[in-house]
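Letter by letter, the chains look like this.
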Amino acid sequence: FLATANREQAAALAQSIRAKYWNAERKMFSEDLAQKRFSQHANVLAVLGDLLDRTSAKDLMQRVEPDQTIDRCTVYFRYYLDRAMAKAGLGDRYVERLGTWEYMLKEGLTTWAEVDSPDTRSDCHAWGASPNVEFFRTVLGVDSAAAGFRKVRVQPHLGPLKKVSGVVPHPKGLISVTVERRGAGYKLDVKLPPGVELSADQA
C-alpha cells in the first residue's frame with residue numbers, strides 16, 4: 001500500500017513540476033515560478049527525478065551542459081551533473097569533461113577544492129572527489145543492479161579511451177573488469193565474487 005501511495009504522489013509531483021517549471025521557449029526547466037532564472041541544477045535534478053523520457057533527457061542535457069547563459073554547477077554539484085549525463089546516455093563524454101580537476105592539478109592542489117577558482121576557501125572538499133567514484137561507475141561501468149548489490153551491471157563509457165581495467169570492492173569479494181573497445185561496442189571480461197550475478201541488461 002505504501003509503495004503504491006508513494007508512486008502516485010511522485011507521479012503527481014512530477015506532473016506539477018512539468019506544468020509549472022518547464023519553459024517551452026527555452027526548452028528547459030526554470031528555477032522559479034516566474035521562469036526568469038535557469039540553471040544546470042534544476043535540469044539535472046529533473047533528469048535524475050525521471051521527469052523526462054530517455055530521448056528528451058538526452059536532448060535536454062546536450063543543451064544544458066554547455067550552456068554558459070545559465071547558472072552552472074560548481075565542483076560539488078558536478079557529481080549530480082555527471083550522474084544525469086550518464087543517465088541520459090551521455091556517459092562517453094565523462095573523460096573529456098574533467099577539465100575542472102585538471103585545472104586543480106595545475107594549481108598544485110593535492111586534494112580537491114570546493115570550487116574551481118583561485119579564491120576557493122576549501123581545498124579539501126569531499127564532494128570534489130566524485131571522480132574517485134565515477135572512474136569505476138561511469139568509465140569502467142560497474143554499478144549495482146539489485147538490492148544489496150546482489151546483481152552487478154557493467155555498462156562502460158570509455159569516451160576516447162581504448163581499454164580500461166579495474167577492481168571494485170564488493171561485500172562478497174572483488175569485482176574485476178577489463179573493457180576493450182571493439183568497433184562500436186565493447187569486449188568485456190568480468191569476474192564476480194561467488195553468489196553475485198551479472199545483470200542481463202548489459203550495454
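Structure: see above.
These notes cover the structure that comes with them. (Residues numbered from 1 in each chain as written. Predicted model: local features only at pLDDT ≥ 70, side-chain atom pairs only at ≥ 80, totals over all residues. Heavy atoms only, no water.)

## Details of the pairing of strand 7 (residues 185-191)
- Of the strand pairs in this sheet, strand 6 (residues 173-182) and strand 7 are connected by seven bridges, and their pairing is antiparallel. Residue pairing across strands places Ser176 opposite Lys191, the latter belonging to strand 7.
- Counting the residues in the hairpin turn of strand 6 and strand 7 gives two residues, including Gly183, whose phi is positive at 65°. (Pairing = 2+ DSSP bridges. Helix = DSSP H or I, 4+ residues; strand = E, 2+ residues; numbered from the N terminus.)

## Details of the sheet that holds strand 8 (residues 197-198)
- Pairing in this open sheet of three strands is mixed, and the strands run 3-4-8 from one edge to the other. Because the sheet does not close on itself, it has two edges, and the strands there are strand 3 (142-144) and strand 8.
- Examined bridge by bridge, strand 4 (residues 151-154) and strand 8 share two bridges and lie parallel to one another. Counterpart to Lys151 in the pairing with strand 8 is Glu197.

## Points about helix 2 (residues 40-48)
- Of all nine residues that make up helix 2, seven are buried, and the element is covered over most of its length.
- Those residues of helix 2 that fall on the buried side of the exposure criterion are Gln40, His41, Ala42, Asn43, Val44, Ala46 and Val47.
- Check the buried side of helix 2 and you find it contacts strand 2 (28-29), helix 3 (54-64) and helix 4 (78-87).
- The N-cap of helix 2, judged by a side-chain oxygen 3.4 Å from the amide nitrogen of His41 a few residues on, is Ser39. (Buried < 20%, exposed > 50% of the residue type's maximum accessible area, 1.4 Å probe, protein only. Contact = heavy atoms within 4.5 Å. Polar contact = N/O pair within 3.5 Å; in protein donor to acceptor, adjacent residues only side chain to side chain.)

## Remarks on the pattern of salt bridges
- Within the structure shown, the criterion is met by eleven salt bridges.
- A salt bridge links Arg26 to Asp67; the shortest N-O distance between them is 4.0 Å. Of this pair, Arg26 sits in the loop between strand 1 (22-23) and strand 2 while Asp67 sits in the loop between helix 3 and helix 4; the two residues are 41 residues apart in sequence, bridging distant segments of the chain.
- Glu134 is the partner of Arg137 in a salt bridge, and the nearest nitrogen-oxygen pair spans 2.8 Å. With Arg137 and Glu134 both in helix 6 (residues 131-139), this residue pair falls three residues apart, about one helical turn. Across this residue pair, the class does not change: Arg137 and Glu134 are buried. (Salt bridge = Lys/Arg side-chain N within 4 Å of Asp/Glu carboxyl O.)

## Focus: the side chain of Ser130
- The topology assignment puts Ser130 in the loop between helix 5 (99-106) and helix 6.
- Since its relative accessible area comes to 5%, Ser130 is described here as buried.
- Setting aside its immediate chain neighbours within four residues, Ser130 contacts Tyr79 and Trp101.

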